[in-house]
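Structural overview for review
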Protein chains: 2
Amino acid sequence: MPRLEFWYDFASSYSYLSAMRIEQLVAEAGIELVWRPFLLGPIFKMQGWNTSPFILYPAKGSHMVRDIERIACDRGLPFNMPDPFPAHSLHAARLAIVGEEKGWTPRFTKMVYGAEFGRGKDIASKSTLSAILAELDVGTFETLDASTDPLVKDRLRDRSDEAARRGIFGAPSFFTDDGELFWGDDRLEQALSWAAGCR
Amino acid sequence: MPRLEFWYDFASSYSYLSAMRIEQLVAEAGIELVWRPFLLGPIFKMQGWNTSPFILYPAKGSHMVRDIERIACDRGLPFNMPDPFPAHSLHAARLAIVGEEKGWTPRFTKMVYGAEFGRGKDIASKSTLSAILAELDVGTFETLDASTDPLVKDRLRDRSDEAARRGIFGAPSFFTDDGELFWGDDRLEQALSWAAGCR
């Protein structure tokens, strides 16, 4: 079964669009999905950016909000920009790493994005994250505790290093088995078609 | 008849993709097309960039080339990156301004993009531009001469100021009659549908 890697940062607005539809699309295409939470911040820093390009370049930021409003409306998806934007996504990313071994990262990811870009919540807040873990019923306190384990921090750091090494410069990004990189929610269909062998 | 404004810079690789397909799409949608050549350089300068983001951020640049290779292949369109990239697009843009009154800007635009991104030519070169004007049969010497007229230079400057004022930050960009801005070849279908009243 061909695989598609889905690389996302929890602060990324366009990754929200992909996270909420990718499972149905891979199921229809007969492709195995691999969720790859990572941190975009270190890559942005290497590019000389200390925050999101949507903040650094306000015209780009205004268009992004309007663009996602239009797309979300077409897809029947709620959309509210969180405050602050971009969110500090480190804690959510570490939790997603914890969930990988236990298998709840996909559900967690969709709930985090839903809280953040669906309802405008701050996903850096412990209460937002605790409520999500409670709803997942995965042991809130143990999981929060596990997310500060040095091994988890290292795994997230390695993951983000891997992203940079493989040429990722934004999110969402998709890799097919043969190493093709596709960037952006608007390239998801193309990535799926490539993964399925159409080229 | 609803209108769609197509804003492009001759150095923009993604504008090539739109220029080569937009006429058929507007014809099918019953929309009037307005060609709007402008210069993106001054806008990039305001953002602190002294060249294309595809040069400033090499990972983004590599992905752009591969992305356009894939798309061009799907569309049966030739694609060769010009050297140098980005091209110095000032002369081509001034010529396009001259052509607006005479009605040959659409044909000229497609020929410039075809030379640049189809065959990899340098569109800053006088011989490339002269050959295009000769093929258009619009009076090569008179047209080259007209393109250095202060009024033409002013019109191009005003056009580029208008782009910045209206929130354009990249190319291609599209405006519908109600002032909605759509950025990127991948938003062209959406812009057409919006222009046609679907929202």
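Because the structure is a prediction, the values reported are computed rather than measured.

Here we come to the environment of A:K102. All names here are of chain A. The residue K102 is located in helix α6 (residues 90-102) in this model. With relative accessibility at 60%, the residue K102 sits in the exposed group. For the pair K102 and A163, spaced 61 residues apart in the sequence, the C-alpha separation amounts to 23 Å.

This part takes up the interface of chain A and chain B. Counting from both sides, the interface comprises 21 residues of chain A and, opposite them, 21 residues of chain B. Note on chain A versus chain B: buried area summed over both sides is about 2,100 Å², and carbon and sulfur give 51% of it. A salt bridge links A:D67 to B:R187, with the shortest nitrogen-to-oxygen separation between them at 2.8 Å. Counting across the chain A and chain B interface gives 14 residue pairs in polar contact (both at pLDDT 80 or more). At the level of secondary structure, the elements contributing two or more residues to the side of chain A that touches chain B comprise α5 (58-75), β4 (181-183) and α11 (188-195) of chain A. Broken down by element, the residue count for the side of chain A that touches chain B peaks at 7 residues, all from α5(A). Classifying every residue of the side of chain A that touches chain B by side-chain character gives 10 nonpolar, 4 polar and 7 charged.

All names here are of chain B. If you walk across this open sheet you meet the 4 strands as β2-β1-β3-β4, and the pairing is mixed. The open sheet has two free edges, formed respectively by β2 (32-37) and β4 (181-183), since each of these has just one partner strand. Pairwise comparison of adjacent strand axes, ignoring direction, gives a mean angle of 20° for this sheet. Sheet analysis places strand β1 (residues 3-8) next to β2, joined by 6 bridges and oriented parallel. Bridging across to β2, L4 finds its partner in L33.

Procedures and definitions
- Residues numbered from 1 in each chain as written.
- Chains lettered and ligands numbered in written order.
- Predicted model: local features only at pLDDT ≥ 70, side-chain atom pairs only at ≥ 80, totals over all residues.
- Heavy atoms only, no water.
- Helix = DSSP H or I, 4+ residues; strand = E, 2+ residues; numbered from the N terminus.
- Buried < 20%, exposed > 50% of the residue type's maximum accessible area, 1.4 Å probe, protein only.
- Contact = heavy atoms within 4.5 Å.
- Buried area = accessible area lost by both parts, 1.4 Å probe.
- Salt bridge = Lys/Arg side-chain N within 4 Å of Asp/Glu carboxyl O.
- Polar contact = N/O pair within 3.5 Å; in protein donor to acceptor, adjacent residues only side chain to side chain.
- Nonpolar A, V, L, I, M, F, W, Y, C, P; charged D, E, K, R; others polar.
- Pairing = 2+ DSSP bridges.
- Axes fitted to C-alpha atoms, helices over the stretch in contact; angles between N-to-C directions.

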